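# Commentary on secondary and tertiary structure
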Amino acid sequence: MDDIEKRLPRRDPLPAIGAQRRNLLGGLVGGTTTLIAGRTLAADLHNFPPLPSWSQQLGRPVATNPYGKPSPFEANIIRRLSPGLTTTRESTIAFTPLQNLFGTITPNGLHFERSHGGLPEVDPYQHRLILHGLVKNPKIYTMEDLLRFPAVSRVHFLECGANTGMEWNNVAVPTVQFTHGMLSCAEYTGVLLSTLLEDVGFDRKAAKFVLAEGADAAGLTRTIPLEFALNDAMIVYGQNGEMLRPENGYPVRLFVPGVQGVSSVKWLRRLELGDQPWHTREETMHYADLMPDGKSQQFTWIQEAKSVITSPSGGQRLLDKRGYYQITGLAWSGRGRIKRVDVSTDGGRSWHPAQLQEPITSKALTRFRTDWVWDGVPALLQSRCIDDTGYVQPKLRQLREGRGTRSIYHNNAIQTWRIATDGGVHNVQV
Ligand SMILES: Nc1nc2c(c(=O)[nH]1)N[C@H]1C(S)=C(S)[C@@H](COP(=O)(O)O)O[C@H]1N2
Ligand SMILES: [Mo]
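Nothing here was measured: the structure is a model prediction, and the numbers come from that model. (Residues numbered from 1 in each chain as written. Chains lettered and ligands numbered in written order. Predicted model: local features only at pLDDT ≥ 70, side-chain atom pairs only at ≥ 80, totals over all residues. Heavy atoms only, no water.)

## Considerations on helix 6 (residues 193-200)
Short version of the rule: Each residue's exposure class comes from its accessible area (1.4 Å probe, protein chains only) as a fraction of the maximum for that residue type: buried when under 20%, exposed when over 50%, partly exposed otherwise. For helices the rule is a DSSP run of H or I covering at least 4 residues; for strands it is a run of E covering at least 2, with both sets numbered from the N terminus onward. To obtain the arc, one takes the directions from the helix axis to the C-beta atoms.
Regarding helix 6, the residues found buried are L193, S194, L196, L197 and V200. Across the axial projection of helix 6, the buried residues extend over an arc of 160°, all falling on one side. Phi turns positive one or two residues past the end of helix 6, at G201, with a value near 65°.

## Thoughts on the pattern of salt bridges
Here is the rule we go by: Take a side-chain nitrogen of Lys or Arg and a carboxyl oxygen of Asp or Glu: if they are within 4 Å of each other, that pair is a salt bridge.
Counted according to the given criterion, the structure contains 14 salt bridges. Where E198 meets R204, a salt bridge forms, and the shortest distance between an N and an O atom there is 3.0 Å. Relative accessible area serves as the criterion here: at 46%, E198 is assigned to the partly exposed category. Here R204 falls in the exposed class, since its relative accessible area comes to 57%. A salt bridge links E242 to R245, with the shortest nitrogen-to-oxygen separation between them at 2.9 Å. Its relative accessible area of 24% is what places E242 among the partly exposed residues. Through salt bridges that share partners, E213, R269, R270 and E272 make up one connected network.

## Here we look at empty space enclosed by the protein
Basically, it comes down to this: Using protein atoms alone on a 1 Å grid, points that fit a 1.4 Å probe yet trap it form a cavity, whereas open point sets bounded by protein on both sides within 12 Å along at least five of seven lines form a pocket; residues with an atom within 4 Å of a point count as lining. Grid points are joined across faces, edges and corners, and a volume is the space filled by probe spheres set on the points.
For the coordinates displayed, the defined rule picks out three cavities of 30 Å³ or more. Of the volumes computed, that of the largest cavity is approximately 220 Å³. Surrounding the largest cavity, 20 residues form its lining, R114, R253, G261, V262 and K266 being those nearest its centre. Looking at which element gives the most residues to the lining of the largest cavity, the answer is strand 4 (residues 113-115), with three residues.

## Some points on the sheet that holds strand 5 (residues 129-133)
What counts is decided by this rule: Only strands joined by at least two bridges in the DSSP assignment are considered to pair. Orientation is described by axes fitted as lines to C-alpha atoms, over the contacting stretch for helices, and by angles from 0 to 180 degrees between their N-to-C directions. We call two residues contacting when some pair of their heavy atoms lies within 4.5 Å.
Taken in spatial order, the five strands line up as 6-5-14-9-10 in an open sheet, and their pairing is mixed. With one partner strand each, in any of the chains shown, strand 6 (139-141) and strand 10 (221-225) form the two edges of the open sheet. For this sheet, the mean inter-axis angle between neighbouring strands, taken without regard to orientation, is 20°. In terms of strand pairing, strand 5 meets strand 6 through three bridges, oriented antiparallel. When the sheet's bridge partners are listed, L129 is paired in strand 6 with Y141. Of the strands in this sheet, strand 5, strand 6, strand 10 and strand 14 (268-274) are in contact with helix 6, which crosses strand 6 at around 135°.

## What to know about the site of ligand 1
Cut-off, in case you're wondering: Definition of nearness: a residue and a molecule or strand are near each other if at least one heavy atom of the residue lies within 4 Å of the molecule or strand. Pairs of N or O atoms within 3.5 Å make up the polar contacts considered here, provided that, within protein, one atom can donate a hydrogen while the other can accept it, and that residues adjacent in sequence are counted only when both atoms are side-chain atoms. Think of it this way: if more than half of a molecule's atoms are within 2 Å of a pocket's grid points, that molecule is in the pocket or cavity.
Lining the immediate environment of ligand 1, one finds 21 residues, of which F112, H116, D216, N248 and K266 sit closest. H116 places a polar main-chain atom, nitrogen or oxygen, 2.8 Å from an oxygen atom of ligand 1. Take S264: an N or O atom from its main chain is 3.1 Å from a nitrogen atom of ligand 1. A majority-of-atoms criterion places ligand 1 in the largest cavity. Sort the elements by how many residues they give to the shell around ligand 1 and strand 4 lands first, with three residues.

## Overview of the confidence of the model for the protein chain
To keep it simple, the criterion reads: Confidence scores here are pLDDT values: one per residue, from the predictor, ranging 0 to 100.
On average, residues of the protein chain score 89 in pLDDT, and 90% of them reach the 70 mark or higher. Across residues 1-31 the pLDDT falls below 50, and counting only partners more than four positions away or on other chains, this stretch makes 48 contacts in the model.

## Quick notes on unusual backbone geometry
Put simply, Y250 and P251 share a cis peptide bond, and its omega is 5°. Residue placement: P251 occurs in the loop between strand 12 (242-243) and strand 13 (253-255). The omega angle of the peptide bond from S311 to P312 is -5°, so this bond is cis rather than trans. Relative to the assigned elements, P312 resides in the loop between strand 17 (306-311) and strand 18 (317-318).

## Some remarks on the pairing of strand 8 (residues 183-192)
Where burial is concerned, most of strand 8 is hidden: nine out of the ten residues are buried. As judged from the five bridges shared by strand 8 and strand 11 (residues 234-239), these two strands associate in the antiparallel manner. Its bridge partner being in strand 11, G190 is matched across the sheet by V236.

Given below as structure tokens:
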């Protein structure tokens, strides 16, 4: 290393400064960060610190940490529970800190988690999956059996149908973690469900639906149409290169790409083929869309195209009154690929296209970024995506015209973040 290189500050890859970030995060609203526009290098050169203590002694042996954890300085980048949403500790919604993540893959420890009856501790050696109903040879599979089938790995998003549900009526929550954090994206590995259906010889004429049942205390059951089962549904055991975490269905779950999260039944123990939907609790009482006329619409499968700016986002603060900021966020569609994302800084009056990070793949998160110079006056940041079917993400007003304000599920409206003159970022509806 030559002299100059030694004196150059390593650029903090975070848009925020560690210490400030941690102090700020002590508060109630989790996941807030401070955004600082790029400092000039010249100013930093005079203040480059002498060799720090950690450069002057040997570090601790790596063997003390056989399964790696994030740096203690990142201790506030965690899933957060919304105390108001579930009334028992076993029934949880733990939201992904979207504001703190880069790229598109959600680390396993931060994958959002939704459980209706707590986390069962499933012994993979005792666990069995039964596949029966309208099939020639019903079968019971062990985990070893499942691991021997030809596998596939695919990157997909998973979004709870209730994600952003609090926004139907009024602005309810301050941060993107709580507005959009029932959303994650991972590389899932497992067996295509179609492979198992071939294995048992399903009844091609009569079978129209598959029922999936979980081994948790909730005994969660959902119907999926056979066309999804034969298309890209997977029996998943791997997530981001390792076995599923207990929270996400260890040792095996169903995964239905592009479809609302509840259909991806965790701790999967039973699949049954039938000729009609089962109308279980989770598809009658819950996960049905209450329409303005008071009727409920069942079986809204697909998560339509949606996007959100994750930085700057609610609860963050722009420290420099004027200057450069990168606007970045995520876009996804349950129908295929994201074709375009437009960003507005004036509440939707003018739009310009954002850059999309390659590769852009089907039913996966797509990262978008765009440059922005804030002039210090209030601004309204929005993103709007278009998928490869040509579908355009709607405004909240448009959604409410058809759906009213009493829904919980399937809110894919354009999100607005207001930047105030003090740099504070707030969740607003326009
Ligand atoms: N067996 C079982 N499967 C389940 C659930 C559950 O409570 N039990 N929750 C569902 C819901 S509502 C969602 S949104 C997803 C969440 O998956 P994740 O916890 O891996 O993010 O799992 C679904 N599968
Ligand atoms: Mo969900």
